[in-house]
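So you can see what is in the structure, the chains are spelled out below.
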Amino acid sequence: MRDFDVVVVGGGCSGLWAARAAAMAGANTLLVEKATRIGERIVCAEGVGADGMAELVDLKPEWVATTIDRVNLFAPGEKTVEFTEQGCGYVLNKGIFLLGLSRMAAEAGVEMWPGTRATAVKALDSGGVRIDVEAPGRNRTITAGAVVAADGVEASIARQVGIHDGLRAEDVFSCAQYTVAPIDADPHTVEFHFGTEISPGGYAWVFPKGDSVANVGVGVIPGVSADRKPAEYLETFKRRRCPESKILAYVVGGVPTVKDPSRASKSGVFLAGDAAGITDPVSGAGIVPGMESGAVAGEHAVRYAATGSDGRAVEKEFAASLKSLLKDRRIRYAVRKVLSNMDDKELARMIEATGEYVAGGKTIRGDPFRLVKFMVKVMPNTFGIIKHIVRV
Amino acid sequence: MSSNDPRESDISIKCIWTCGLCSAVCRDMAISYRPDSVEVDKSVCSGCLVCVKVCPAGMLGEETFA
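Reference entry: report on the structure contained in this document.

Basis of the calculations
- Residues numbered from 1 in each chain as written.
- Chains lettered and ligands numbered in written order.
- Predicted model: local features only at pLDDT ≥ 70, side-chain atom pairs only at ≥ 80, totals over all residues.
- Heavy atoms only, no water.
- Helix = DSSP H or I, 4+ residues; strand = E, 2+ residues; numbered from the N terminus.
- Buried < 20%, exposed > 50% of the residue type's maximum accessible area, 1.4 Å probe, protein only.
- Contact = heavy atoms within 4.5 Å.
- Areas by Shrake-Rupley, 256 points an atom, 1.4 Å probe, with all protein chains shown as cover.
- Rg over C-alpha atoms; globule rule 2.2 N^0.38 Å.
- Lys, Arg positive; Asp, Glu negative; His and termini not counted.
- Charge placed at Lys NZ, Arg CZ, Asp CG, Glu CD.
- Expected span 1.5 Å × (residues − 1).
- Buried area = accessible area lost by both parts, 1.4 Å probe.
- Salt bridge = Lys/Arg side-chain N within 4 Å of Asp/Glu carboxyl O.
- Polar contact = N/O pair within 3.5 Å; in protein donor to acceptor, adjacent residues only side chain to side chain.
- Pairing = 2+ DSSP bridges.
- Core = buried A, V, L, I, M, F, W, Y, C linked by side-chain atoms within 4.5 Å.
- Axes fitted to C-alpha atoms, helices over the stretch in contact; angles between N-to-C directions.
- Parallel < 35°, antiparallel > 145°, perpendicular 65-115°, else oblique.
- Left-handed = near helix turned anticlockwise from the far one by under 90°.
- Nonpolar A, V, L, I, M, F, W, Y, C, P; charged D, E, K, R; others polar.

A word on the overall build of chain B
- A count of helices and strands for chain B gives 2 helices and 3 strands.
- If you list the helices and strands of chain B from N to C, you get β-α-β-β-α.
- When each of the 66 residues of chain B is scored for burial, the buried share is 53%.
- Sequence-distant contacts, at least 24 apart, represent 52% of the contacts inside chain B between residues at least 6 apart.
- Entry remark: accessible area of chain B is about 3000 Å², with carbon and sulfur atoms responsible for 52%.

Structural data, given as structure tokens:
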């Protein structure tokens, strides 16, 4: 007799959405979160695209810090391209957002144990999964029909059960971010700053949160970034962009962007979100992909739990569902690789061309082939790009 | 044993973030962490220094593994 049908490890947006999906499918579901309150630890720039979010949940006004209507791209040398896309995205109040998702999970029937860490997960020969959990005064072993591991970039559970053996450094954005105030920034405009001096292999950002507050951060690809750390690039960027602002918060973390995250289950353990390396490879955005993959993982975990030990067919279907969900991934991963290796001249050319492209009323959102065509059109080394895309 | 499990280690580095990135890229599974420190088990660490390369805050340095 098992304790729960499904246990979800991790109370971020992927885990909460997975747990809700599992409970809505009728499973007796537990979520464990190591922080003492859900939404306590926010390591995130908090930006989301409006299109993706609209398909998942109706955002409550209190979840949203600000609505984004404009995007500014800063090329090396300070040339700026601005384009307007009314309501194209949001910057969230992520802590309040997660609290809202946890309320929705609770309404669906999910039991939640904050302040509880999963220390070991093991598939049982008899079917199901054993989970050792640790909490003040409540260390115990529980059993479940299946587990959703949404334990973030470290992906400790994925490695314990042998789904993968760790991330490659080149598949990670290494990031540092301040929340600052006051800042002279338009409350409805997000800024992306490019250049090898600012953020090699990645970009720096200013995401406004309204009321003269903003998240100001830097993400770099390790190895592209000489000897300096994101924390150092961040300090340099802050000095240039908002030297007078005071630092309200400082966080560091990693964004995993793996080439093919579809092999994301084994022996009743299903991965979701950062633990599976499921973020947008170009932008590093993780909230929407995390929730989407969480829902798919939760649904398949329920089905696995119902089959007992013979769940291999469910795991195959899970991989197929993820492949479908991530259908343009190969292309976006290739685009990111190309972007990461551009020098300042190429970056400037690309951003200038982006300005010309959107000035003509066109968009690079949506269709991935449009993105590739755009890249090929604007880049000087067309053959190199095609070769790279074919190779990955 | 979980890579997240505190255990006796040869190297202990004070780190207030414990973002997990060093552990995520460690193929040797030599890194674990406590709430305010990163622990490295030298008996399994191959010294590849990938953890040093990815650390966003510069908490891990090559000298740590010398």
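Back to the text.
Regarding the overall build of chain A
- On a plain count of helices and strands, chain A comes out with 11 helices and 16 strands.
- For chain A, the C-alpha radius of gyration of 21 Å lies close to 21 Å, the compact-globule estimate for 392 residues.
- Here chain A holds 392 residues, and 59% of them are scored as buried.
- When contacts within chain A are restricted to residue pairs at least 6 apart in sequence, those whose partners lie at least 24 apart make up 68%.
- By element, 51% of the accessible surface of chain A is carried by carbon and sulfur atoms, the whole surface being about 16200 Å².
- Here chain A holds 47 positive side-chain charges and 47 negative ones, and the gap between their average locations is 4 Å.

Concerning helix 1 (residues 13–24) of chain A
Residues and elements named next belong to chain A.
- The terminal C-alpha atoms of helix 1 lie 16 Å apart, and with 12 residues this matches the ideal 16 Å at 1.5 Å per residue to within 8%.
- Counted residue by residue, helix 1 has 11 buried out of 12 residues, so it is predominantly covered.
- Considered for burial, the residues of helix 1 that qualify are Cys-13, Ser-14, Gly-15, Leu-16, Trp-17, Ala-18, Ala-19, Arg-20, Ala-21, Ala-22 and Ala-23.
- As for helix 1, its buried residues are in contact with strand 1 (4–9), strand 2 (29–33), helix 3 (94–108), strand 6 (111–114), strand 9 (140–149) and helix 6 (287–307).
- Positive backbone phi, at 100°, marks Gly-26, one or two positions downstream of helix 1.

Focus on the environment of A:Val71
- Topologically, A:Val71 is positioned in strand 4 (residues 64–74).
- Contact partners of A:Val71, with chain neighbours within four places excluded, come to A:Val81, A:Glu82, A:Phe83, A:Cys88, A:Val190 and A:Phe192.

Topic: the interface of chain A and chain B
- With 27 residues of chain A in contact, the opposing surface of chain B contributes 26 residues.
- When the area that chain A buries against chain B is broken down by residue, the three leading residues are A:Glu154, A:Arg159 and A:Lys229, summing to 28%.
- Where chain A packs against chain B, one counts 1 salt bridge.
- Note that A:Asp165 and B:Arg27 form a salt bridge whose closest N and O atoms lie 3.2 Å from each other.
- Put simply, chain A and chain B have 15 residue pairs in polar contact (both at pLDDT 80 or more) between them.

A look at the pairing of strand 12 (residues 203–210) of chain A
Residues and elements named next belong to chain A.
- Strand 12 sits mainly inside the fold: 8 of its 8 residues count as buried.
- Side chains Tyr-203, Trp-205, Phe-207 and Lys-209 project from strand 12 onto one buried face, and the interleaved Ala-204, Val-206, Pro-208 and Gly-210 project onto a second face that is buried too.
- Note: strand 11 (residues 189–193) against strand 12, 3 bridges, orientation antiparallel. Bridge assignment links His-193 to a residue of strand 12, and that residue is Ala-204.
- Bridging between strand 12 and strand 13 (residues 213–220) involves 7 bridges; their strand directions are antiparallel. In the strand pairing of strand 13, Trp-205 is matched with Gly-217.
- Counted between consecutive antiparallel strands, the loop separating strand 12 from strand 13 contains 2 residues, among which Asp-211 sits at a positive phi close to 55°.

A word on the nonpolar core
- Residues A:Leu101, A:Ile131 and A:Val269 are the most contacted members of the largest nonpolar core, which totals 71 residues.
- If you tally residues by element for this core, the top one is helix 6 of chain A, at 10 residues.
- Among all residues touching A:Val269, those that are not within four sequence positions of it are A:Val121, A:Val129, A:Val147, A:Ala149, A:Ile157, A:Val161, A:Ile163 and A:Ala264.
- In this structure, A:Ile183, B:Ile11, B:Cys51 and B:Phe65 belong to the second largest nonpolar core, which totals 32 residues.

A few points about the environment of A:Lys209
All names here are of chain A.
- Mapped onto the elements of the fold, Lys-209 is located in strand 12.
- Those residues in contact with Lys-209, other than ones at most four positions away along the chain, are Glu-46, Ala-65, Thr-66, Val-91, Leu-92, Asn-93, Ala-214 and Asn-215.
- Looking at Lys-209, its side chain comes within polar contact range of the side chain of Glu-46, at 2.9 Å.

Considering the packing of helix 6 of chain A against helix 7 (residues 312–325) of chain A
Residues and elements named next belong to chain A.
- At a minimum axis distance of 10 Å, the contact between helix 6 and helix 7 shows a crossing angle of 165°. Looking at the two axes, helix 6 sits roughly antiparallel to helix 7. When you trace helix 6 past helix 7, the crossing you get is right-handed. Packed against helix 6, whose contacting residues are Glu-292, Ser-293, Val-296, Ala-297, His-300, Arg-303, Tyr-304 and Thr-307, the element helix 7 presents Val-314, Glu-315, Glu-317, Phe-318, Ser-321, Leu-322 and Leu-325 at the interface.
- By residue class, the composition of the contact of helix 6 with helix 7 is 7 nonpolar, 4 polar and 4 charged.

With respect to the pattern of salt bridges
Residues and elements named next belong to chain A.
- Counted by the stated rule, this structure contains 17 salt bridges over all chains.
- Note that Glu-107 is salt-bridged to Arg-103, the shortest N-O span being 2.7 Å. Placement of the pair is Glu-107 and Arg-103 together in helix 3, with a separation of 4 residues, close to one helical turn.
- Across the salt bridge formed by Arg-332 and Asp-280, the nearest N and O atoms sit 2.8 Å from each other.

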